[in-house]
Amino acid sequence: MIGPNNVVLIPILAGILAYFLGKIVKPAREGLTLASALTVCYFVFKTPFDKVIFFNYNFNLPAYFEGLKFGTNALSAFFAILIVFSYLFIAFTAFALVKDKDYHGTFYLFFNIVAGSLLGIVYARDLISFFIFWEMMTWSSYFLVIMNGKNPRKTGLTYIVFNVAGAYFMLVAMLMVYASAGSFHFDKIGTALALMPDSKVILISIFFAIGFLVKMATMPLHVWAPDAYTESENSFTGFFSGTLSKMGVYGFLLFFGALIGFANLKGISSIKGTSTLGYAIAWLGVITSVFATFRAIVQDEVKKLLAYSSVAQVGYIVTAMSIGTALGVAGGLYHAVMHTIMKLLLFITVAGVIYRTGKDKFSELGALITRMPLSFLAVLFGIIGLAGMPPFGGFASKWVIYMSLLKSQHYFLLIAMIVSSTTAFLYCYKLIYGIFLGHPSSPELLEAKEVPVFLWFAQVPLMLALAIFGVFPGLIVPYINKAVASLGFKAAFTSTTPYTLSAALGGFNGFVVINVLGVIFVIVLIWYTLFFPKSKKLHRLDIYWAAETPTEETPLHYGYGIGVELHRIPWVGASLSRHITNFYNKVAEQVNGIASVVKDIVFNGDGQIYMLYSVLTLVVIIMFLGR
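Residues numbered from 1 in each chain as written. Predicted model: local features only at pLDDT ≥ 70, side-chain atom pairs only at ≥ 80, totals over all residues. Heavy atoms only, no water.

An unreviewed UniProt entry annotates the protein chain as NADH-quinone oxidoreductase subunit M of Thermotomaculum hydrothermale.

A. Quick look at the overall build of the protein chain. The number of helices and strands found in the protein chain is 25 helices and 6 strands. Against the compact-globule benchmark of 25 Å for 627 residues, the protein chain has a radius of gyration of 26 Å, which places it among compact chains. Across the 627 residues of the protein chain, 55% fall into the buried class. For the protein chain, long-range pairs separated by at least 24 residues make up 78% of all intrachain contacts whose partners lie at least 6 apart in sequence. Accessible area for the protein chain stands at about 27100 Å²; split by element, carbon and sulfur atoms hold 69% of it. Considering the protein chain, the positive charge centre built from 41 side chains and the negative charge centre built from 27 side chains are found 8 Å apart. (Helix = DSSP H or I, 4+ residues; strand = E, 2+ residues; numbered from the N terminus. Rg over C-alpha atoms; globule rule 2.2 N^0.38 Å. Buried < 20%, exposed > 50% of the residue type's maximum accessible area, 1.4 Å probe, protein only. Contact = heavy atoms within 4.5 Å. Areas by Shrake-Rupley, 256 points an atom, 1.4 Å probe, with all protein chains shown as cover. Lys, Arg positive; Asp, Glu negative; His and termini not counted. Charge placed at Lys NZ, Arg CZ, Asp CG, Glu CD.)

B. Region of interest: the packing of aromatic side chains. For the structure on display, the rule yields 44 aromatic pairs. Their ring planes at 65° and their centres at 5.1 Å tell us that Phe 395 and Phe 508 sit as a pair that is edge-to-face. Of this pair, Phe 395 sits in helix H18 (residues 393-407) while Phe 508 sits in strand S6 (residues 506-509), and the two are 113 residues apart along the sequence. Exposure remark for Phe 395: the relative accessible area of 22% places this residue in the partly exposed category. One aromatic cluster is present, built from ring pairs that chain together Tyr 87, Phe 107, Tyr 108, Phe 111, Tyr 159, Trp 224, Tyr 229, Phe 236, Phe 239 and Phe 240. Positioned over the ring face of Tyr 19 is Arg 29, at 6.0 Å from the centre of the ring. (Phe/Tyr/Trp six-rings, centres within 6.5 Å; stacked < 30°, edge-to-face > 60°. Lys NZ or Arg CZ within 6 Å of the ring centre and 35° of its normal.)

C. The arrangement of the pairing of strand S5 (residues 500-503) in detail. The pairing of S5 with S6 spans 4 bridges and is antiparallel. Residue pairing for S6: Leu 501 is matched across the bridge by Phe 508. Where S5 hands over to S6, the hairpin turn is made up of 2 residues, counted between the paired strands. (Pairing = 2+ DSSP bridges.)

D. Spotlight on helix H23 (residues 570-577). Where H23 is concerned, the buried positions are Val 572, Gly 573, Ser 575 and Leu 576. Angular distribution of buried residues about the axis of H23 spans 160°; they occupy a single face of the element. Across H23 from its buried face, at more than 90 degrees, point the exposed residues Pro 570 and Ser 577. (Arc of directions from axis to C-beta.)

E. Fine view of unusual backbone geometry. With omega at 5°, the peptide bond leading from Met 219 into Pro 220 counts as cis. In this structure, Pro 220 sits in the loop between helix H9 (198-215) and helix H10 (224-231). The linkage connecting Pro 390 with the following residue, Pro 391, adopts the cis geometry, with an omega of 15°. Following the sequence through the fold, Pro 391 ends up in the loop between helix H17 (373-386) and H18. In this structure, Ala 217 is a non-glycine residue whose phi angle is positive, near 55°. Mapped onto the fold, Ala 217 is located in the loop between H9 and H10.

F. Molecular detail of the pattern of salt bridges. Evaluated as defined, the whole model comprises 8 salt bridges. Here Lys 154 ties to Asp 227 by a salt bridge, and the two come within 3.4 Å at their closest N and O atoms. In this pair, Lys 154 is assigned in helix H7 (residues 152-181) and Asp 227 in helix H10, connecting sequence segments 73 residues apart. Looking at Lys 154, the relative accessible area reads 44%, which means it is partly exposed. (Salt bridge = Lys/Arg side-chain N within 4 Å of Asp/Glu carboxyl O.)

G. Representation of the nonpolar core within the structure. Residues Phe 79, Phe 130 and Phe 493 are the most contacted members of the largest nonpolar core, which totals 193 residues. If one sorts the elements of this core by residue count, helix H16 (residues 326-357) sits on top with 20 residues. Counting the residues that make up this core, at least three belong to each of domain 1 (1-186) and domain 2 (335-577). Once you skip the residues sitting within four places of it in the chain, Phe 493 turns out to touch Leu 327, Ala 330, Tyr 334, Val 400, Val 477, Ile 480, Asn 481, Leu 501, Ser 502 and Ala 503. Ala 282, Val 286, Leu 413 and Met 417 belong to the second-largest nonpolar core, a separate cluster that totals 12 residues. (Core = buried A, V, L, I, M, F, W, Y, C linked by side-chain atoms within 4.5 Å. Domains from an automatic or database assignment.)

H. Seen up close, H17. Over its 14 residues, H17 runs 20 Å from end to end, which matches the ideal 20 Å to within 8%, given 1.5 Å per residue. Burial within H17 is extensive, with 10 of its 14 residues counted as buried. Those residues of H17 that fall on the buried side of the exposure criterion are Leu 374, Ser 375, Phe 376, Ala 378, Val 379, Phe 381, Gly 382, Ile 383, Gly 385 and Leu 386. Tucked inside the fold, the buried residues of H17 contact helix H15 (302-322), H16, H18, helix H19 (411-436) and helix H20 (453-471). Gly 388, located one to two residues past H17, shows a positive phi value of around 70°. (Expected span 1.5 Å × (residues − 1).)

I. Focus on the environment of Gly 394. Within the secondary structure, Gly 394 is located in helix H18. For Gly 394 and Gly 156, which are 238 residues apart along the polypeptide, the C-alpha to C-alpha distance reads 32 Å. When neighbours within four sequence positions are excluded, Gly 394 is seen to be in contact with Met 338, Gly 385 and Gly 388.

J. A look at the packing of helix H4 (residues 74-97) against H20. For the pair H4 and H20, interaxial distance at closest approach is 6 Å and the crossing angle is 145°. Facing H4, whose interface residues are Phe 85, Phe 89, Phe 92, Thr 93, Phe 95, Ala 96 and Leu 97, H20 presents Phe 454, Leu 455, Phe 457, Ala 458, Pro 461 and Leu 462. Considered class by class, the residues forming the contact of H4 with H20 number 12 nonpolar, 1 polar and no charged. (Axes fitted to C-alpha atoms, helices over the stretch in contact; angles between N-to-C directions. Nonpolar A, V, L, I, M, F, W, Y, C, P; charged D, E, K, R; others polar.)

K. The arrangement of the environment of Leu 88 in detail. Structurally, Leu 88 is set in helix H4. Placed 112 residues apart in sequence, Leu 88 and Lys 200 show a C-alpha to C-alpha distance of 42 Å. Leave out the neighbours within four places in its chain, and Leu 88 touches Leu 34, Ala 37, Leu 38 and Cys 41.

L. Here's a closer look at the side chain of Lys 430. Residue placement: Lys 430 occurs in helix H19. The side chain of Lys 430 sits in the buried core without any salt bridge; Asp 300 is the nearest counter-charge, 5.8 Å away. Of the polar contacts made by the side chain of Lys 430, one reaches the backbone oxygen of Gln 299; its length is 2.7 Å. (Polar contact = N/O pair within 3.5 Å; in protein donor to acceptor, adjacent residues only side chain to side chain.)

M. A look at the environment of His 104. With respect to the secondary-structure elements, His 104 resides in helix H5 (residues 104-123). On a C-alpha basis, the gap between His 104 and Glu 30 in space is 9.6 Å, while along the polypeptide they are 74 residues apart. Beyond its immediate sequence surroundings of up to four residues, His 104 is in contact with Lys 26, Arg 29, Glu 30, Val 98 and Lys 99.

Following this line, the structure appears as structure tokens:
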């Protein structure tokens, strides 16, 4: 049996081999990637879900270096399943979308390395391994962000600056932990953290939180995400948004749940039964949800709408986890699964639409429903899930999050989250209307074909997954309960059958919900068929437009304009007209100014000044040695 330590290596080696072997036989890259994805799926699913397993490598190094440690428990197994699930679907998607690209070999090299590094993060059992794979994830995904973008320099620079800065905050926190614990191993630092002064624990927590909030694109650290999601290679974006962002979720639960402990943080300082730090982060999460939702609505680029939607949806997860209760963590985990499924489905479908039409803006699309019926259905499933409506899985996950806020009496957080979730209907409607309904923006859209067959291998299972989790919301409960238990909580759910989802304040039966909705649908359909006049098929230009007869060049697709009226709402308009990027640009200007002054003083080309520096440096060294 191959353990977690070796499973990590399979995608990384497959990527390197695919890159070089593909120079001889190009399709080998697709074949090796698919074989790697299937292999890691097999071993991850074969690994016992809630059994703790450890593998240690010490490489015969000095005693103070205790070696790299890998292992798995219920929490890491939960996220490993999400990773391999996504890895497999993107492997199918890339078959069709990347085969003719100039960066074919580079894509498969870095995509496989990203997949392996994500597995390395969830299987790491010491801080060094965790940080190594965290950095591998950041740098390998960087190349996938810049390889196909319209403005790769700006997007890539923003992405790498924010993510590296977040990583180094984490590194400082790790070194502070090592200074007290004398070990990087998770099983030893938990005890050391419990003995630290409160002020040091808070400082370490803030540094770790910054690193994970950057990865989860929580405001005001989200600046890198909209452009990076929009400009990354189309077949990779689903993995990027749906899975890679979950490493922030995993890291947050690992450090605040398993190592520091939500209860310990609450014991230092609390507000309404939640640690003060967790309460502040919960508000950051819900503020992110509200403002990112408004920004999503006003976008014209399809991928940028989904990018802001992703930022908003992860905000729900941040809020639920941060309150630090069993039900809150369970809600975060449930929504992490649903968000991964929904974002894979939507980004893969949009990638197929862009591939077939060559257009990526709502103002350039429209009326594709008859040309792409499967893709229409996929987006319909995805937006119902995003909106948190029954009968799909998104309803169940949001229901758990709402229950967690209600049970912990965080009523204002709940109200703000409902505002965000309700407003999300607008961008969900824009997504399907702007692409598939209304009038086509150009005649060539009427000749578009359905997305390539390889994408169906991802779309159909993902749609089925959303439907299955809607009818059987309790299917996932045993896995979430075990993951929550690994963080020291009691079981969050009391469900006893796959049909039901039950917690402390109540529950629902997914089978009953879908039957009720089915009956309502049939009644409405019969009523519509009997009492509404029959529709007639007309030519698309057989209408009046401003008292004139439109021509082929007349713009008739208005779906992309949804959201422009939001600017009239004072506080929404103010938030949309200002961007946190302006703040960071001002900071960058000030830093550049200071750097310029320092450069003029220190590196001014004067040999006498350099000689003075040398003498001063020599004096300092002598004084230091003299001590």
